[in-house]
Amino acid sequence: MSEASLTGSREAADAPREADQPHDSLVAHFGDRPLRLDAGVELSPFQIAYKTYGRLNAARSNAVLICHALTGDQHVASVHPVTKKAGWWETMVGPGRPIDTERYFVICPNVVGACMGTTGPSSTDPKTGKPWGLDFPVITIRDMVRAQAMLLDHLGIESLFTVAGGSMGGMQVLQWAASYPERVFSALPIACATRHSAQNIAFHEVGRQAIMADPEWRGGRYLLENTNPRRGLAVARMGAHITYLSDAALHRKFGRKFQDRANPTFSFDADFEVESYLRHQGISFVERFDANSYLYLTRAMDYFDLAADHDGVLAKAFHRTPTRFCVISFTSDWLFPTPESRAIVQALNAASARVSFAEIVTDKGHDAFLLDEPELFAIVRGFLDGAGKARGLGSES
Amino acid sequence: MSTLSRADIDVSATGIARAAGGARVDLVLVAEMVERGAKVLDVGCGDGELLRILSETRDVDGRGIELSREGVNECVAKGLAVIQGDADTDLGNYPDDAFDYVILSQTLQATRQPRVVLEHMLRIGRHAVVSFPNFGHWQVRLQLLFAGHMPRTDMLPFSWYDTPNIHHCTIKDFRQLCTAVGVRMEKAVALNAWGSPLRLNAPWWFWNLFGEQAVFLLSRRD
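Predicted model, so just to flag it, every value in this text is computed and none were measured. (Residues numbered from 1 in each chain as written. Chains lettered and ligands numbered in written order. Predicted model: local features only at pLDDT ≥ 70, side-chain atom pairs only at ≥ 80, totals over all residues.)

Draft legend 1. Summary view of the overall build of chain A. If you tally the helices and strands in chain A, you get eleven helices and 14 strands. Counting every position in chain A, which comprises 397 residues, the buried fraction comes to 52%. (Helix = DSSP H or I, 4+ residues; strand = E, 2+ residues; numbered from the N terminus. Buried ≥ 20, exposed ≤ 12 C-beta atoms within 10 Å, placed from the backbone.)

Draft legend 2. The arrangement of the interface of chain B and chain A in detail. Taken together, the 16 residues of chain B in the interface contact 20 residues of chain A. A total of five residues in the side of chain B that touches chain A trace back to one element, the largest contributor, which is helix α4 (residues 69–77) of chain B. Of the residues belonging to the side of chain B that touches chain A, the class tally is nine nonpolar, four polar and three charged. (Contact = placed C-beta atoms within 7 Å. Nonpolar A, V, L, I, M, F, W, Y, C, P; charged D, E, K, R; others polar.)

Draft legend 3. Representation of the confidence of the model for chain B. On average, chain B scores 88 in pLDDT, and the residues at 70 or more come to 90%. Here residues 7–20 of chain B is a poorly scored stretch, pLDDT under 50, and it has 19 contacts once near neighbours within four places are set aside; other chains count. (pLDDT = per-residue confidence, 0-100.)

Draft legend 4. How the structure looks around the confidence of the model for chain A. Per-residue confidence for chain A averages 94 on the pLDDT scale, and 95% of its residues sit at or above 70. In this model residues 1–13 of chain A is a low-confidence stretch, pLDDT under 50, and it forms eleven contacts with partners more than four residues away in sequence or in other chains.

Draft legend 5. Structural view of the environment of H196 of chain A. Residues and elements named next belong to chain A. Secondary-structure assignment places H196 in the loop between β12 (184–190) and α4 (198–213). Note on H196: 24 C-beta atoms within 10 Å, which makes it buried. Separated by 106 residues in sequence, H196 and D302 place their C-alpha atoms 5.4 Å apart. In this view, H196 contacts I201, M301, D302 and F304; residues no more than four positions away in its chain are not counted.

Draft legend 6. Representation of the nonpolar core. Core analysis: the biggest nonpolar cluster contains 173 residues, and V64, I66 and V106 of chain A together with V76, I103 and V129 of chain B have the highest contact counts within it. If near-sequence neighbours (up to four positions away) are discounted, V76 of chain B is found in contact with C326, S356, A358, I379, G382 and F383 of chain A together with V82 of chain B. (Core = buried A, V, L, I, M, F, W, Y, C linked by C-beta atoms within 7 Å.)

Draft legend 7. Helix α5 (residues 230–244) of chain A, seen in detail. All names here are of chain A. The end-to-end C-alpha distance of α5 is 21 Å, a good match for the 21 Å that 15 residues give at a rise of 1.5 Å each. Among the 15 residues of α5, twelve are classified as buried, and the element is accordingly described as predominantly covered. If you check which residues of α5 are buried, you get R230, R231, G232, L233, A234, V235, A236, R237, M238, A240, T243 and Y244. (Expected span 1.5 Å × (residues − 1).)

Draft legend 8. Layout of unusual backbone geometry. Backbone torsion omega between S44 of chain A and P45 of chain A reads -10 degrees, so that peptide bond is classified as cis. Residue placement: P45 of chain A occurs in the loop between β3 (42–43) and β4 (46–53). For S167 of chain A, which is not glycine, the phi dihedral falls at a positive 60 degrees. Tracing the sequence through the fold places S167 of chain A in the loop between β11 (160–166) and α3 (168–179). Classification of S167 of chain A as buried rests on a count of 27 C-beta atoms within 10 Å. One non-glycine residue with positive phi stands out, namely D97 of chain B, at about 55 degrees. Structurally, D97 of chain B can be placed in the loop between α5 (87–90) and β4 (99–105). Judged by the 12 C-beta atoms lying within 10 Å of it, D97 of chain B falls in the exposed class.

Written as structure tokens, this is what we have:
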């Protein structure tokens, strides 16, 4: 079953791609203002695809920036135009949700390097009229944040009420607080770290090698050659997906149960439910994600090391920060385990920052930040209520 | 024996009245020792009750450390700036003079190194406020003397085998620790078993015998 779907021809090869003309999104074009990249080059022109929810108040003080994770996008609280599935954080963002779109003006941009409408390797390079491919410059978390700051300038928003995100989104939150402390009233870095660990870099490298080992990758020129490294990208996703779960969650969900059969087939079919589940995860992922974007975004995470940008002293990144922080981790997250969050908290304490830190008990692993976790919602709600009072929000909403 | 003045704190009317309103008397006493608008760290903040009182009645910029995950998550959900941490291991992460007051409310006896904790408190903050159950209280003494078992009282409800309290002390012991560490005792209050403050002009031995708990305001001897 996986064979057919993994080698199937690319649908609608001639139609405008989501990367250039995103559906159900707003697009900000930066034609004459280049994005200065850490790699030492400038990206120009470029565009940012984003979604907004709720209304900006008269004082422009209720804007919330949501930063998405590695494979996320701008469709945080509305139906995804490709998969037709619900927004990736609808449990957290929406009317009456902890990040309440009836109180806050929520902005969620697609990051630079991604494939849902913000300029990335699958976008068309205006200089050549062809997809960037591997000619796209390597980008960093700081580049993503710099681009988002330009988007806020474009929208006329000087200061954010809060910046929130999990995983790679949490890295952007920390970078925001470090780069633009005066623009960030409060920050919610969830299930993240100030640097990517060796183990996480190693997992990413396995994913990248799986993509590059697919003959259809064609040295990154698959869009030009009308192929698609589906198998490689699916394998990368399968491997990564395991790291988002936990041993306990996998056992609870699948155990050693067989898939639609009573006995093993003595073959390499997906006998076990867990195999079938992972294959499905891989296949559905390639329908909505670009292989080169996966290379670039994993690289951006690998390069992230906030302390290294501040003489190796993390506390310096937050020196005299006015931002209120709420750091959250999950007990079964082994991708970004609690000690990583504790290191953030220690640095913030050393910087005399106003910080809350909660660890939530769950067996759902790293993905817990995206799932139905009532304690997570209560904590985010409480933190934002407190910050809202300090910001003078609420009276007008 | 010390420069301590026990006559300059008003614990009579307001404290007890508010205590009747729901807040624990010892928390109200602690809150009254804190200047308005101060920056405060509450070590072992539990469910955040003291931080709430402090922010509502003293307008402080309050932070908390709490060991139990349930306590922390409850505090954060209330909008308080609280982190999960341990007084014995995590106070070292804070820089000097980060706070005006560092508070240790009913937690001293549960720390592994009370002296080190006290020293850290007065490094991080200009002042420290410490409240603790007095192990010299007559009920405690009588239980050990006549009943022959480890004391169990309203303040100390645990059995010896499951108590978190590993470093009990008396009011006298605590004053000796303060002298040894070289801190200035600015104010002190002892409460009897009914939560009322003892007479201020009573001698120390009287406090040590009839005070069920005590609250001390300390500062650095610069």
